[in-house]
Amino acid sequence: MTVGPNDQQASDRLLRALEDLGIEHQPTVAEAARVRGSLDAAATKNLFVRDKRVTMWTITALADREIDLLALRPILKTRGRLAFGSEQRLRDYLGLRPGSVSPLAAFQDTERQVGVVLDAGLREHTHVLAHPLINTRTTRLRVADLEKALIAWDHPPIWGGL
């Protein structure tokens, strides 16, 4: 999929919203995965999942962490197994394209239908890398500021050992 002008505009709105909250962020190169060691920030991997009731979450873990979806069930109090959310659901609920999931997507969830799960291991880092709604951009922000933004957007994160 190609990135459209609406994706760029949504990303720009998100970055302005972070600034409005007094949150400093540093745009990084699109090839952040290639240079992430030089950015002094936690690299992450992100999932968009749902349960049988169609309750949805974004899950953000340290990049080298294995995510055990079965172990998450009691933490999230799911009904049934966790499964990956469809591309259509990702677009409908978060306005994202595949590959763009990050905890910053909570900015788009004004109906508060998607929960946010963060790996407790992120707290061992000062900064984290995240896609600002588009996978051709990456931004670096403090982990504490990520939590501040999520709370401001009425998406207090669930911290868990993944």
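Residues numbered from 1 in each chain as written. Predicted model: local features only at pLDDT ≥ 70, side-chain atom pairs only at ≥ 80, totals over all residues. Heavy atoms only, no water.

(A) Representation of the overall build of the chain. When helices and strands are tallied, the chain shows five helices and eight strands. Helices (α) and strands (β) of the chain occur, in sequence order from the N terminus, as α-β-α-β-β-α-β-α-β-β-β-α-β. In the chain, the share of contacts with a sequence separation of at least 24, taken over all contacts with a separation of at least 6, comes to 67%. Accessible surface, the chain as shown: approximately 8,500 Å² in total, 47% of it carbon and sulfur. (Helix = DSSP H or I, 4+ residues; strand = E, 2+ residues; numbered from the N terminus. Contact = heavy atoms within 4.5 Å. Areas by Shrake-Rupley, 256 points an atom, 1.4 Å probe, with all protein chains shown as cover.)

(B) Molecular detail of the packing of aromatic side chains. With the rule as written, the count across this model stands at one aromatic pair. Sitting over the ring of tryptophan 159, arginine 123 keeps its end group 3.9 Å from the ring centre. (Phe/Tyr/Trp six-rings, centres within 6.5 Å; stacked < 30°, edge-to-face > 60°. Lys NZ or Arg CZ within 6 Å of the ring centre and 35° of its normal.)

(C) A look at the nonpolar core. Leu18, Leu122 and Trp153 are the most contacted members of the largest nonpolar core, which has 31 residues in total. Breaking this core down by element, the ones donating at least two residues are α1 (5-20), β3 (56-62), α4 (87-94), β5 (114-119), β6 (127-130) and α5 (143-152). Beyond its immediate sequence surroundings of up to four residues, tryptophan 153 is in contact with Leu14, Ala17, Leu18, Leu21, Leu104, Ala106 and Phe107. Grouped together as the second largest cluster of nonpolar side chains are 12 residues, Leu47, Ile67, Leu76 and Leu162 included. (Core = buried A, V, L, I, M, F, W, Y, C linked by side-chain atoms within 4.5 Å. Buried < 20%, exposed > 50% of the residue type's maximum accessible area, 1.4 Å probe, protein only.)

(D) Structural view of the pattern of salt bridges. Within the structure shown, the criterion is met by seven salt bridges. With a shortest N-O distance of 2.7 Å, aspartate 12 and arginine 137 are connected by a salt bridge. Of the two residues, aspartate 12 sits in helix α1 while arginine 137 sits in the loop between β6 and β7 (138-142), which places them 125 residues apart along the sequence. In this structure, the salt-bridge partner of aspartate 145 is arginine 142, at a minimum N-O distance of 3.4 Å. Given a relative accessible area of 11%, aspartate 145 falls into the buried group. (Salt bridge = Lys/Arg side-chain N within 4 Å of Asp/Glu carboxyl O.)

(E) Here's a closer look at the sheet that holds strand β4 (residues 83-84). Reading across the sheet, the five strands line up as β4-β2-β3-β5-β8 and stay open at both edges, with mixed pairing between neighbours. Across the chains shown, the open sheet's two edge strands, defined by having one partner strand only, are β4 and β8 (158-160). Where β5 lies against β8, three bridges are found, and the strand directions are parallel. Directly across from valine 117, in β8, lies its bridge partner isoleucine 158. In the packing of helix α3 (residues 69-76) onto the sheet, contacts are made with β2 (44-50), β3, β5 and β8, and the angle to β3 comes to roughly 120 degrees. Lying over the sheet, α4 contacts β2, β3 and β5, oriented at roughly 95 degrees with respect to β2. (Pairing = 2+ DSSP bridges. Axes fitted to C-alpha atoms, helices over the stretch in contact; angles between N-to-C directions.)

(F) The arrangement of the confidence of the model for the chain in detail. Of the residues in the chain, 90% reach a pLDDT of 70 or more, and the chain-wide mean stands at 88. Confidence, read as mean pLDDT per element, is least for helix α2 (residues 32-35) in the chain (51) and greatest for α5 (97). In the predicted structure, residues 1-5 sits below a pLDDT of 50 and forms nine contacts with residues beyond four places in sequence or in another chain. (pLDDT = per-residue confidence, 0-100.)

(G) Highlighting the environment of aspartate 7. Mapped onto the elements, aspartate 7 comes out in helix α1. On the accessibility criterion, aspartate 7 (8% relative accessible area) is buried. C-alpha separation for the pair aspartate 7 and threonine 136, spaced 129 residues apart in sequence, amounts to 10.0 Å. Here the side chain of aspartate 7 touches arginine 97 through a polar contact of 2.6 Å, side chain to side chain. (Polar contact = N/O pair within 3.5 Å; in protein donor to acceptor, adjacent residues only side chain to side chain.)

(H) The arrangement of the pairing of β5 in detail. For β5, a buried count of five out of six residues is recorded, marking the element as mostly surrounded by other parts of the structure. With five bridges joining them, β3 and β5 adopt parallel strand pairing. Its bridge partner lying in β5, threonine 58 is registered against valine 116.

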